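Results of the structural survey
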Amino acid sequence: VQLVESGGGLVQPGGSLRLSCAASGFTFSNYVMRWHRQAPGKERELVARISSGGGSTYYADSVKGRFTISRDNAKNTVYLQMNSLKPEDTAVYYCNAISRNNYWGQGTQVTVSS
């Protein structure tokens, strides 16, 4: 089982990034997918969630209207489009698959700074 995140990096405030998480080793389309993040000195928090079929989504209040989660079950990939980024979005972002089992990726760093 693997979840491999990519797309992180350094971006200026107001900029955009698109994170990807490629899954393998399990039936991706059966799993709810979530993005979490953890900033230095803070607890990991749920950022966004998408149902197995993609028809239902959830966003934390802190990112609502700026972030969009989506998935492509044919490509076994979940995405997080992040717009209007703020310094407080700086964190390691983790991909998570949850159903009968609970799988995590290794994380990708997002730094928002001028």
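Residues numbered from 1 in each chain as written. Predicted model: local features only at pLDDT ≥ 70, side-chain atom pairs only at ≥ 80, totals over all residues. Heavy atoms only, no water.

**Section: the nonpolar core**
Core analysis: the largest hydrophobic core is formed by 31 residues, its most contacted members being L3, M33, W35, V78, L80, M82 and Y93. Contributions of two or more residues to this core are made by β3 (17-24), β4 (32-38), β5 (45-50), β7 (67-72), β8 (77-82), β9 (91-98) and β11 (108-112). Ignoring anything within four residues of it in the chain, the contact list for L80 reads L17, R18, L19, W35, V47, A48, F67, T68, I69 and Y93. (Core = buried A, V, L, I, M, F, W, Y, C linked by side-chain atoms within 4.5 Å. Buried < 20%, exposed > 50% of the residue type's maximum accessible area, 1.4 Å probe, protein only. Helix = DSSP H or I, 4+ residues; strand = E, 2+ residues; numbered from the N terminus. Contact = heavy atoms within 4.5 Å.)

**Observations concerning the packing of aromatic side chains**
Evaluated as defined, the whole model comprises three aromatic pairs. Linked through ring pairs, F26, Y31 and Y103 together constitute an aromatic cluster. Above the face of the Y79 ring, R18 is positioned so that its terminal group lies 4.0 Å from the ring centre. A cation over a ring is seen here: R71 above F28, with NZ or CZ 4.4 Å from the ring centre. (Phe/Tyr/Trp six-rings, centres within 6.5 Å; stacked < 30°, edge-to-face > 60°. Lys NZ or Arg CZ within 6 Å of the ring centre and 35° of its normal.)

**Re the sheet that holds β3**
Pairing is antiparallel in the open sheet, where four strands are placed in the order β1-β3-β8-β7. Both edges of this open sheet fall to β1 (2-6) and β7, since each of them pairs with a single strand only. Ignoring strand direction, the axes of neighbouring strands in this sheet form an average angle of 15 degrees. (Pairing = 2+ DSSP bridges. Axes fitted to C-alpha atoms, helices over the stretch in contact; angles between N-to-C directions.)

**A closer look at the pairing of β4**
When you tally the buried positions in β4, you get five out of seven residues, the bulk of the element. Alignment of β4 against β9, held across seven bridges, turns out to be antiparallel. Looking across to β9, one finds that Q38 is bridged to V92. Sheet analysis places β4 next to β5, joined by five bridges and oriented antiparallel. Counted as the bridge partner of M33 is I50 from β5. Count of turn residues in the β4/β5 antiparallel hairpin: six residues, of which G41 carries a positive phi of about 80 degrees.

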